[in-house]
Amino acid sequence: MRIHSGEKPYQCSDCQKSFSRKSKLTEHMRIHSGEKLYQCSECHESFFNKSALTRHTQRIHTGEKPYQCTDCQKCFIYKNSLTQHRRAHTGDKPFQCSECQKCFSFKSRLTEHTRIHSGETPYQCSECPNRFHRKSLLTAHLRFHTGEKGYQCSECQKCFSQKGCLTRHTRTHTGEKPYQCSECQKCFSEKIHLTKHIRTHTGEKPYQCSECHKCFSQKINLSQHTITHTGEKPYQCSECRKCFSEKIYFTQHIRTHTGEKPYQCSECQRCFSDKMRLTKHTRTHSWVKRYRCTECDKCFSEKRYLTLHIRTHTGEKPYQCPECHKCFSQKNNLAHHIRTHTGEKPYKCSECQKSFINKRYLTHHIRIHTGEKPYQCSECQKSFITKKYLTYHIRTHTGEKPYQCSECQKCFSVKSNHTKHIRIHTGEKPYQCSECQKCFSHKSHLTEHVRIHTGEKPLSVL
């Protein structure tokens, strides 16, 4: 009668789950107590109830799989496993969350999902205070404590703590990309990467900042953004005490102290401290330049380089200085420019304590102390501290003068000389003396003028 009435008078005192029969409650209680009375005589695995032992004995050891899918002929030991598998073909998701209306193929997935809303984390680690809403997450977490890595790649013998990690790793050997975008047919090796990619088509940004309501397409981007509000930098270097907001930047920084370069190019064996630099370097071998400018057909290996290049055609300068309203085509150029107003020079030379507004200037300066000149002219073997100076020098051999004045058609081999020349036509004098407000077209002229006020005498050449 209870089947029709739905009455469940037997309640578990531990989790309040109810049952229609006392025997079912008794079996359920064994989950809490851990008691497994029924043991397989073949492999000694134990079970909570007799029916589970019977199924195990009949099918695991005999290999019997009596339930077959009519769509793909895959066979299953249990009927409910076939029922669940069929939903992969039909797309049926009969279990819906009452909070957010998200649907699931399996009841167990709905149960796990519901805990995200309730905050329930019933699975606690016995080693540390961490708790989890899914048992599989606890199982995987415990392996961090034990160091167990039970899943080994048959190709390279690398070991993993989770089966899913091994499956994903195996695809790096096989090249398999089973997840395809229905919009552009691009394929991915992992489902999560497909999910993120689809958002580039839909424009979906499901992760919202609670402070400023800015939305993001990926959870990790929201996490990184949130730190801009809190100012939190939880990762501190034990060597130099520098702090970082993200673990990935902290890890990369540590390698500047250790000299570790774990990423090696398979072509030339050159090593790199981070994966992104290896990826960029690899393209120099394969010469992959997928991004082409429609104006001049110049190709680039990365989309961001193409975006920056296009601005040389359009003249777009989207980054404006709030102090003097000067505009820049690149964000990092604006950041460096702002330091000319603030006086900030965060990059200091350890040899002479001279400071610089950006890291590149410091790198070039250090070569004055070391004598390093890594850029050599193939014509005359003369060497230079920076690539820019080598480029200028090569033009003395080729006679190239790519910078032309639109007023008088005079050409220049160096851009800065072209810029200075333009001021003759425009009358622009951007360098002003802070003492008497006199203006100059060249910085060197301002430097000479300032000595009138300071009384400083220029260095004489002996």
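Our subject is the structure listed above.
Residues numbered from 1 in each chain as written. Predicted model: local features only at pLDDT ≥ 70, side-chain atom pairs only at ≥ 80, totals over all residues. Heavy atoms only, no water.

As for the overall build of the protein chain
Counted only if it meets this: Only DSSP runs of H or I with at least four residues qualify as helices, and only runs of E with at least two residues qualify as strands; both kinds are numbered from the N terminus onward. For a compact globule the rule gives 2.2 Å times the number of residues to the power 0.38, and the radius of gyration it is set against comes from C-alpha atoms. Partly exposed describes any residue whose relative accessible area lies between the buried limit of under 20% and the exposed limit of over 50%, with all areas from a 1.4 Å probe on protein chains only and scaled to the type maximum.
Summing up its helical and strand segments, the protein chain has 17 helices and 32 strands in all. For 462 residues, the compact-globule estimate of 2.2 N^0.38 gives 23 Å, and the protein chain exceeds it by more than 25% at 34 Å. Expressed as lengths along the three principal axes of its C-alpha atoms, the size of the protein chain is roughly 110 × 45 × 40 Å. Considering the protein chain as a whole, with its 462 residues, one finds that 21% of them fall into the buried category.

Things to note about helix α6 (residues 135–146)
Quick reminder of the rule: Every helix has an expected span of 1.5 Å times one less than the residues it contains. Throughout, a residue-residue contact means that at least one pair of heavy atoms, one from each residue, lies within 4.5 Å.
Between its terminal C-alpha atoms α6 stretches 17 Å, which fits the 16 Å expected from 12 residues at 1.5 Å a residue. For α6, every residue scored as buried is listed here: Leu138, Ala140, His141 and Arg143. Those residues of α6 hidden inside the fold are in contact with β9 (123–124), β10 (131–132) and β11 (151–152).

Section: the pattern of salt bridges
What counts here: Salt bridge, as applied in this entry: a Lys or Arg side-chain nitrogen positioned within 4 Å of an Asp or Glu carboxyl oxygen.
All chains considered together, the criterion is met by 13 salt bridges. With its nearest N and O atoms 3.6 Å apart, the salt bridge here joins Arg277 to Asp274.

Some words on the packing of aromatic side chains
Formally: Aromatic rings from Phe, Tyr and Trp, with only the six-membered ring used for Trp, were paired whenever their centres fell within 6.5 Å, and each pair was classed as stacked if the ring planes differed by under 30 degrees, edge-to-face if by over 60, and tilted otherwise.
What the rule picks out here adds up to 2 aromatic pairs. Seen in terms of ring centroids, Tyr235 and Phe250 are 6.0 Å apart; in terms of plane orientation they differ by 25°. Their pairing is stacked. A residue pair is termed long-range when its members are at least 10 positions apart, and Tyr235 in strand β17 (residues 235–236) and Phe250 in helix α10 (residues 247–258) qualify at 15 residues. Relative accessible area serves as the criterion here: at 29%, Tyr235 is assigned to the partly exposed category. Ring centres of Phe244 and Phe250 lie 6.3 Å apart, and the angle between their planes is 55°; this geometry places the pair in the tilted category. Among the aromatic residues, those joined into a cluster by ring pairs are Tyr235, Phe244 and Phe250.

Focus on helix α16 (residues 415–426)
The end-to-end C-alpha distance of α16, which contains 12 residues, comes to 17 Å, matching closely the 16 Å that a straight helix rising 1.5 Å per residue would cover. When we look at burial in α16, the residues that qualify are His418, His421 and Arg423. On its buried face, α16 is in contact with β29 (403–404), β30 (411–412) and β31 (431–432).

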